[in-house]
Amino acid sequence: MIPYGRQDINKADIAAVIEVLQSDWLTQGPVVPRFERAIVDKVGSKYAVAVNSATSALHIACLALDLGPGDWLWTSPNTFVASANCGLYCGARVDFVDIDPRTYNMSVEALTTKLAQAEQLGTLPKIVVPVHFAGQSCDMASIYELAQKYGFKVIEDASHAIGGRYKNQSVGCCAYSDITVFSFHPVKIITTGEGGMALTNNPQLTERLQLFRSHGITRNPPQMQNTSMGSWYYEQLELGFNYRMTDMQAALGLSQLERLDEFVSRRHVLASVYNEVLIDLPLVLPFQEKDCYSAFHLYVVQIDPLHSPLDRCKLFEYLRAEGVFVNVHYIPIHTQPYYQRMNFHPGQFRVSEQYYENALTLPLFFGLGDTQQAKVVELLRKALQV
Ligand SMILES: *Cc1c(COP(=O)(O)O)cnc(C)c1O
């Protein structure tokens, strides 16, 4: 079976975790801060707060930015449900901005129109969450400009995009956002098992992210309301959570981070092979913006329904039956039953719905061998050549 994505764990990764297992701390030791510093050094933000998932990072990012009841959070319908759910966790209302038909990222045009309407209605969002779909950055410069004009905050959901670049800066540097979030789930670019991170250039936001990560508690005297009574003393200042990353996870993350560039380069090599050999098939291949270097978390094609002998569902079933575990990213969030109960309905965000009808994610990961890739290509040719 060839999966669509999987982790790559080497001996150094294993040794790094074992070292922590044999040390004094399994969690809340020195390795989490070391991992945070290494990420900051790599992507160029000022601060980083490691947590136990990107979902947690999105949640505390919203809380740090004071999202609450009466507020709106907007994101893309073409993403994992966590990008929207974080708004609901905070009691805010969620809405969506349709995607660009070429990049499948949030459409700046649709965002511009929706903001103008929301201004009239008094329903402007407090937070917009652009998602760097498949590892390619959104048009952050334009989104940032709109954020200045309309006064909303920006959280980049860069769960797909660590190792990617935008306008000659690393994704994660927060040049165009308040907070950027990474995921370290095993299907993503680098992994800690479960894990995530929130990055920012703002020291006050960092303090709040750290508070919400660990029960809302501080042990740092300058942050306290009262005078510290001694080194046992701590204060709870907010209603936080236990969203901490363990030192075992951070050790794996540190070791994986050393291989980030190698991981992304290999993904680019595999993607360019697909680009070359699939060009004559009835497929829409991934479009790449000139000022982006994608992390290529996903290689997504659209089946051209007018020229393909098989539709997406048939092709999906065929490939899976042949041992190629293709996937589909994403079911538009507003069509999920839970969201339909909030009065969303199919037909509302047509570009994402049309894209979803024909989308197929091909296998793409560091350890995908040339022979395995050739098998995927051969099956696609067999199924799609007329
Ligand atoms: C994977 C993913 C998440 C959630 O990441 P976890 O670390 O599994 O919580 C959020 N947003 C996007 C776009 C993702 O792909």
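Residues numbered from 1 in each chain as written. Predicted model: local features only at pLDDT ≥ 70, side-chain atom pairs only at ≥ 80, totals over all residues. Heavy atoms only, no water.

**Some details on the layout of surface pockets**
- Reported here for the largest pocket is a volume of approximately 490 Å³.
- Looking at the largest pocket, it is lined by 20 residues, and the ones nearest its centre are Gln28, Gln210, Arg213, Ser214 and Arg244.
- When residues of the lining of the largest pocket are traced back to their parent elements, those giving at least two are helix 2 (31-43), helix 7 (203-213) and strand 10 (217-218).
- Looking at the lining of the largest pocket residue by residue, the classes come out as seven nonpolar, eight polar and five charged.
- Of the voids in this model, the second largest pocket is the one considered here, and its volume is about 340 Å³.
- Phe80, Ser159, Ser183, His185 and Lys188 are the residues nearest the centre of the second largest pocket, which is lined by 23 residues in total.
- Mapped onto the lining of the second largest pocket, the elements with two or more residues apiece are helix 3 (54-64) and helix 4 (82-89). (1 Å grid on protein atoms, 1.4 Å probe; cavity = no way out; pocket = protein on both sides within 12 Å on 5 of 7 lines; lining within 4 Å. Points joined across faces, edges and corners; volume = space filled by probe spheres on them. Helix = DSSP H or I, 4+ residues; strand = E, 2+ residues; numbered from the N terminus. Nonpolar A, V, L, I, M, F, W, Y, C, P; charged D, E, K, R; others polar.)

**What to know about the sheet that holds strand 4 (residues 127-129)**
- Spatially, seven strands are ordered 1-9-8-5-4-2-3 in an open sheet, and the strand pairing comes out mixed. Among the strands making up the open sheet, the edge pair consists of strand 1 (47-51) and strand 3 (93-96). For this sheet the average axis-to-axis angle between neighbouring strands, irrespective of direction, equals 20°.
- Relative to strand 5 (residues 153-157), strand 4 runs parallel, the two sharing two bridges. (Pairing = 2+ DSSP bridges. Axes fitted to C-alpha atoms, helices over the stretch in contact; angles between N-to-C directions.)

**Brief notes about helix 4**
- Where burial is concerned, most of helix 4 is hidden: six out of the eight residues are buried.
- Within the span of helix 4, buried status applies to Ala82, Ser83, Ala84, Asn85, Cys86 and Gly87. (Buried < 20%, exposed > 50% of the residue type's maximum accessible area, 1.4 Å probe, protein only.)

**Some words on unusual backbone geometry**
- At the junction of His329 and Tyr330, the peptide bond is cis and its omega measures out at 0° in the coordinates.
- Within the secondary structure layout, Tyr330 lies in the loop between helix 10 (312-321) and helix 11 (337-340).
- Even without a glycine there, the phi angle at Lys167 is positive, about 45°.
- On the secondary structure map, Lys167 appears in the loop between strand 6 (165-166) and strand 7 (169-170).
- Accessibility expressed as a relative area gives 37% for Lys167, which makes it partly exposed.

**Focus: empty space enclosed by the protein**
- Summed over all chains, the structure comprises three cavities of 30 Å³ or more.
- Of the pockets and cavities examined, the largest cavity occupies roughly 110 Å³.
- Forming the walls of the largest cavity are 13 residues, and the residues nearest its centre are Thr103, Phe133, Ala134, Pro286 and Gln288.
- Residues of the lining of the largest cavity, tallied by class, amount to eight nonpolar, four polar and one charged.
- When residues are assigned to domains, the lining of the largest cavity turns out to be shared by domain 1 (2-257) and domain 2 (260-384), each giving three or more.
- One number sums up the size of the second largest cavity: a volume of about 80 Å³.
- What lines the second largest cavity is a set of 13 residues, and nearest its centre among them are Glu156, Tyr166, Ser170, Cys173 and Tyr176.
- Of the residues that constitute the lining of the second largest cavity, the class distribution is seven nonpolar, five polar and one charged. (Domains from an automatic or database assignment.)

**Regarding the packing of aromatic side chains**
- Scanning the model with the defined rule gives 16 aromatic pairs in all.
- Measuring from centroid to centroid gives 5.5 Å for Tyr166 and Tyr176, while their planes differ by 80°, and the two rings are edge-to-face. Placement of the pair is Tyr166 in strand 6 and Tyr176 in the loop between strand 7 and strand 8 (179-183), with a sequence separation of 10 residues. You'll find Tyr166 and Tyr176 in the same group, each marked buried.
- Judged by centre distance (4.7 Å) and plane angle (35°), the rings of Tyr274 and Tyr299 are tilted. (Phe/Tyr/Trp six-rings, centres within 6.5 Å; stacked < 30°, edge-to-face > 60°.)

**Describing the site of the ligand**
- Neighbouring the ligand are 15 residues, the closest being Thr55, Asp157, His160, Ser183 and Lys188.
- Separating an oxygen atom of the ligand from a backbone N or O atom of Ala54 is a distance of 2.9 Å.
- Separating an oxygen atom of the ligand from a side-chain N or O atom of Tyr330 is a distance of 3.2 Å.
- Contact with the protein chains removes 92% of the 380 Å² of surface that the ligand exposes when unbound.
- In a pocket analysis with a 2 Å cut-off to the grid points, the ligand is assigned to the second largest pocket.
- Looking at the shell around the ligand, the elements that each hand over two or more residues are helix 3 and helix 4.
- A per-class count over the shell around the ligand returns five nonpolar, eight polar and two charged. (Near = heavy atom within 4 Å. Polar contact = N/O pair within 3.5 Å; in protein donor to acceptor, adjacent residues only side chain to side chain. Areas by Shrake-Rupley, 256 points an atom, 1.4 Å probe, with all protein chains shown as cover. Sits in = over half its atoms within 2 Å of the grid points.)

Keep in mind that these numbers describe shape and distance, not what the molecule does.
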